[in-house]
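Residue-level listing of the chains:
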Amino acid sequence: MENNNGKGIFYGVIGVATLVVAIIGATFAYFSASASNNNVIQGNAATTGLSLAVNKISTDAAGGLIPMNDADVSKGLEGDTATDSKMCVDKNGNTVCQVYQITVTNTGSSTAVVNGTLNITGGTFANLKWQLLSGSDAGSLATTTTYNPIATTQLANGVSLTASGKADYFIMIWISNLESDQSATNTGTFTGTVTFNSADGAGISATFS
């Protein structure tokens, strides 16, 4: 009897020891698995930002604007052959328009949807007009049929720019000819303000004159 009790105690001790080892092993495995997955999920927050550049590309047209017929805006853009077809220069060497390139760039790491406006102010200009030209570069520009007055006017709406992506816009400005003296109604210096904003509130402006 005593011998059997001794065996029972022995087996009981072995059973408890085995259970303890199993628990320790399971716990170690749990912590080991947890430790190996500490840094699996990680990342960086996406950023958004805009940069804006405005450059005059009708560089040969250096003088003050003289009135031009709306019907001649295409000729004005091309320039007269008598002056080697210099952009915005007529046959007498006068400046009849100005052309600017506007470039907005997404400097962030995520896609940005942007809206842009152009506002022209200053001086006394009853007949100053501008239009958004068609074409993707200075060598492919063409006039359109839309003439905008000097006021805050939409330049771009809902344009999607990928990370580091950019968009170019070309505008032409001139004084519309009325076939009469306009010296009192179109005089002074104008200033254009280009503004772009993204959906997340980021915005930037640039001016030209």
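In the block above lies the structure referred to throughout.
What comes next is a walk through the structure. Here the structure is a predicted model, which is why all the values come from computation and not from measurement.

1. Some words on the sheet that holds strand β1 (residues 50-56)
With respect to topology, 5 strands assemble into an open sheet ordered β1-β2-β8-β5-β6, the strand pairing being antiparallel. The open sheet has two free edges, formed respectively by β1 and β6 (148-149), since each of these has just one partner strand. Where strand β2 (residues 98-106) meets strand β8 (residues 166-175), 8 bridges bridge the pair, whose relative direction is antiparallel. Counted as the bridge partner of T103 is D168 from β8.

2. A closer look at the packing of aromatic side chains
One pass over the structure, following the stated rule, counts 4 aromatic pairs. Look at Y100 and F208: their rings are 4.2 Å apart centre to centre, the planes differ by 35 degrees, and that puts the pair in the tilted class. Placement of the pair is Y100 in strand β2 and F208 in strand β11 (residues 203-208), with a sequence separation of 108 residues. Judged on exposure class, the residue Y100 and its partner F208 are both buried. Seen from their ring centres, Y147 and W174 are 5.2 Å apart, and the 85 degrees between their planes marks the pair as edge-to-face. In this pair, Y147 is assigned in the loop between β5 (128-132) and β6 and W174 in strand β8, connecting sequence segments 27 residues apart.

3. Quick look at unusual backbone geometry
Despite not being glycine, S85 has its phi angle at roughly 55 degrees, a positive value. Within the secondary structure layout, S85 lies in the loop between α2 (73-78) and β2. S85 sits in the partly exposed class, given a relative accessible area of 39%. Unlike most non-glycine residues, S164 shows phi in positive territory, near 70 degrees. Along the chain, S164 turns up in the loop between β7 (153-161) and β8. Looking at S164, the relative accessible area reads 59%, which means it is exposed.

4. With respect to the sheet that holds strand β10 (residues 191-198)
Spatially, the 4 strands line up as an open sheet ordered β7-β3-β10-β11, and their pairing is antiparallel. For this open sheet the edge positions go to β7 and β11, each flanked by a neighbour on one side alone. Shown here is a sheet whose adjacent strand axes are inclined to one another by a mean of 15 degrees, direction ignored. Bridge count between β10 and β11: 6 bridges; the pairing is antiparallel. If you follow T195 over to β11, its bridge partner there is S205.

So, how was this worked out
- Residues numbered from 1 in each chain as written.
- Predicted model: local features only at pLDDT ≥ 70, side-chain atom pairs only at ≥ 80, totals over all residues.
- Heavy atoms only, no water.
- Pairing = 2+ DSSP bridges.
- Helix = DSSP H or I, 4+ residues; strand = E, 2+ residues; numbered from the N terminus.
- Phe/Tyr/Trp six-rings, centres within 6.5 Å; stacked < 30°, edge-to-face > 60°.
- Buried < 20%, exposed > 50% of the residue type's maximum accessible area, 1.4 Å probe, protein only.
- Axes fitted to C-alpha atoms, helices over the stretch in contact; angles between N-to-C directions.

Bear in mind that shape data such as this cannot, by itself, settle questions of function.
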